[in-house]
Amino acid sequence: AGAILDEAVLRALRKFKEPEVSAWLRRWKRSLLANIHHAMVEDYEVNHLDLPQTPYAPVVVEKLPQPWNLFGWIGRRGLGDQAPAPHFTEIRGGSVLQADGGVLILNAADFYAVPASWTQLKSCLKYNLLQIDDSDPSSSSRSSGLKPDPLAVRVKVVLLGDFDLYDHLYEVDP
């Protein structure tokens, strides 16, 4: 088992160069080998938010600017006979993450009509950090206990709209 795991970890280390990922993979390998006789698959699952690498800056048009579409969400997963609950492997990125390094285009009227989206996007742009919250659209509850680390993002936002909305936004939120 050790030789197979060594090769898998080496492949992952070549693919993911970030120091945090390398350290985590080494801890993961030690833990798996130490607990190999009673390890559960769920204990060693990984969720990596991966985006296609392109030579060009991405341009993303979001037509439904709800918070979960823009910033991502934490889905639910049933384990055994339990009711579906938030699970780390169900963390999903939204349009902001897809547009990282590029441009996100939004219809200003649709976007401004959702106050939570407006507030969260201003914070994301101000600090260049994306926080994925438990905002699963299929659930009325938001208290999962899961809070993923914020992701560093660099994105430009283009709001499309008319002059009246521009003037209104300028007056209420300069």
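The model shown is predicted, which means the values in this text are computed figures rather than measured ones.

*Asks:* I'd love a proper account of the sheet that holds strand β4 (residues 103–107), names of residues and values included.
*Replies:* Spatially, three strands are ordered β1-β4-β7 in an open sheet, and the strand pairing comes out parallel. Either end of the sheet is taken by a strand with one partner, and the two such strands are β1 (59–62) and β7 (156–160). For this sheet, the mean inter-axis angle between neighbouring strands, taken without regard to orientation, is 20°. Two elements, β1 and β4, share four bridges in a ladder whose sense is parallel. By the bridge assignment, E62 is partnered in β4 with L106.

*Asks:* Give me the lowdown on the pattern of salt bridges, citing residues and values where you can.
*Replies:* Here the structure, examined in full by the defined rule, presents four salt bridges. D6 serves as the salt-bridge partner of K29, at 2.4 Å between the closest nitrogen and oxygen. Of this pair, K29 sits in helix α2 (residues 19–34) while D6 sits in helix α1 (residues 2–15), and the two are 23 residues apart along the sequence. For R92, the salt bridge is made with E90, and the minimal N-O distance between the two is 3.0 Å. Overlapping salt bridges bring together E7, R11 and R14 as one network.

*Asks:* How would you explain the pairing of β4 if you had to name every residue and give the values?
*Replies:* Alternating residues of β4 divide into L104 and L106, all buried, and V103, I105 and N107, none buried. Where β4 lies against β7, five bridges are found, and the strand directions are parallel. By the bridge assignment, L104 is partnered in β7 with V157.

Each value, and the rule that gives it
Per chain, residue numbering runs from 1 following the sequence as it is written. Local features in a predicted model are, by the rule used here, given only for residues with pLDDT of at least 70; side-chain atom pairs are given and counted only at 80 or more, and totals for whole chains, interfaces and linings are based on all residues. By convention in this description, side-chain values take in all heavy atoms of the structure and omit both hydrogens and water. By this definition, two strands are paired if DSSP reports at least two bridges between them. Strands are runs of DSSP state E lasting at least two residues, helices are runs of H or I lasting at least four, and both sets are numbered from the N terminus onward. A fitted line through C-alpha atoms represents every axis, and for helices the fit uses only the stretch in contact; the resulting angles, taken between N-to-C directions, go from 0 to 180 degrees. We count a salt bridge whenever a side-chain nitrogen from Lys or Arg sits within 4 Å of a carboxyl oxygen from Asp or Glu. The buried label goes to any residue with under 20% of its type's maximum accessible area, the exposed label to any with over 50%, and the partly exposed label to all in between, with areas taken from a 1.4 Å probe on protein chains only.

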